[in-house]
Amino acid sequence: MIGQFKFPKDDKKYSWTRHVVGKMQYYRISEGIVKRIIKMPKRVEKGIAEGTVACMKPVGSSKKKEELWVMYQPKGARKHIITSWRYPGTSPVRDVLPIPQDILDEIKNII
């Protein structure tokens, strides 16, 4: 079926939270895109939650700029993927990324 979401599975490199799976469905982000952002990010910042990393890759056309973000927690050789989201426009460069409050509340409940 076209447009059917494929749920990511844990393996030796990545583990996925239910939260990130829900956000991937909501923002229409595939497992491959999330992995590509982690492997080849345009920008990497300190994550908003303690011990996390946020990485970004820009997407979209010249008229409609967007950024795809992924936040994960490194655990040895494995990356524990916590959340992903689309940021409309271009986010400012800083240590802490402005994340909507509802996403922050959900992240605090996971960790």
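Data block above holds the structure.
The sections below set out a description of the structure shown in this document. The model shown is predicted, which means the values in this text are computed figures rather than measured ones.

### Description of the side chain of Thr 17
- Mapped onto the elements, Thr 17 comes out in the loop between β1 (14–16) and α1 (18–27).
- Among all residues touching Thr 17, those that are not within four sequence positions of it are His 80, Ile 81, Ile 82 and Ile 110.

### Regarding the side chain of Glu 66
- With respect to the helices and strands, the residue Glu 66 is situated in strand β4 (residues 65–75).
- A polar contact of 3.1 Å, which involves the side chain of Glu 66, links it to the side chain of Arg 86.
- If sequence neighbours within four positions are ignored, Glu 66 has contacts with Pro 58, Val 59, Arg 86, Tyr 87, Pro 88 and Gly 89.

### Description of the nonpolar core
- Grouped together as the largest cluster of nonpolar side chains are 26 residues, with contacts concentrated most on Trp 16, Val 34, Ile 38, Val 70, Ile 81 and Trp 85.
- When residues of this core are traced back to their parent elements, those giving at least two are β1, α1, α2 (31–39), β3 (53–60), β4, β5 (78–88) and α3 (101–110).
- What Ile 38 contacts, discounting residues up to four positions off in sequence, is Tyr 14, Cys 55, Val 70, Tyr 72, Lys 79 and Ile 81.

### So, the packing of α1 against α3
- Two numbers describe how α1 lies on α3: the axes approach to 11 Å, and their chain directions differ by 155°. It follows that α1 is roughly antiparallel to α3 by the angle criterion. Only Ile 103, Glu 106, Ile 107 and Ile 110 of α3 make contact with α1, whose side of the interface consists of His 19, Lys 23 and Tyr 27.
- The residue inventory of the contact of α1 with α3, partitioned by class, reads four nonpolar, one polar and two charged.

### Overview of the environment of Ser 61
- As for its placement among the helices and strands, Ser 61 is situated in the loop between β3 and β4.
- Each C-alpha atom of the pair Ser 61 and Lys 35 lies 22 Å from the other, and the pair is 26 residues apart in sequence.

### Some words on the packing of aromatic side chains
- Across all of its chains, the model carries three aromatic pairs by this definition.
- Where Tyr 14 meets Trp 16, the ring centres are 6.3 Å apart and the plane angle is 40°; that geometry is what we call tilted.
- Each ring, one from Tyr 26 and one from Tyr 27, has its centre 4.8 Å from the other, and the planes form 85°; the classification is edge-to-face.
- Here Tyr 26 falls in the exposed class, since its relative accessible area comes to 60%.
- Note on Tyr 27: relative accessible area 17%, which makes it buried.

Reading guide: rules and limits
Residues numbered from 1 in each chain as written. Predicted model: local features only at pLDDT ≥ 70, side-chain atom pairs only at ≥ 80, totals over all residues. Heavy atoms only, no water. Helix = DSSP H or I, 4+ residues; strand = E, 2+ residues; numbered from the N terminus. Contact = heavy atoms within 4.5 Å. Polar contact = N/O pair within 3.5 Å; in protein donor to acceptor, adjacent residues only side chain to side chain. Core = buried A, V, L, I, M, F, W, Y, C linked by side-chain atoms within 4.5 Å. Buried < 20%, exposed > 50% of the residue type's maximum accessible area, 1.4 Å probe, protein only. Axes fitted to C-alpha atoms, helices over the stretch in contact; angles between N-to-C directions. Parallel < 35°, antiparallel > 145°, perpendicular 65-115°, else oblique. Nonpolar A, V, L, I, M, F, W, Y, C, P; charged D, E, K, R; others polar. Phe/Tyr/Trp six-rings, centres within 6.5 Å; stacked < 30°, edge-to-face > 60°.

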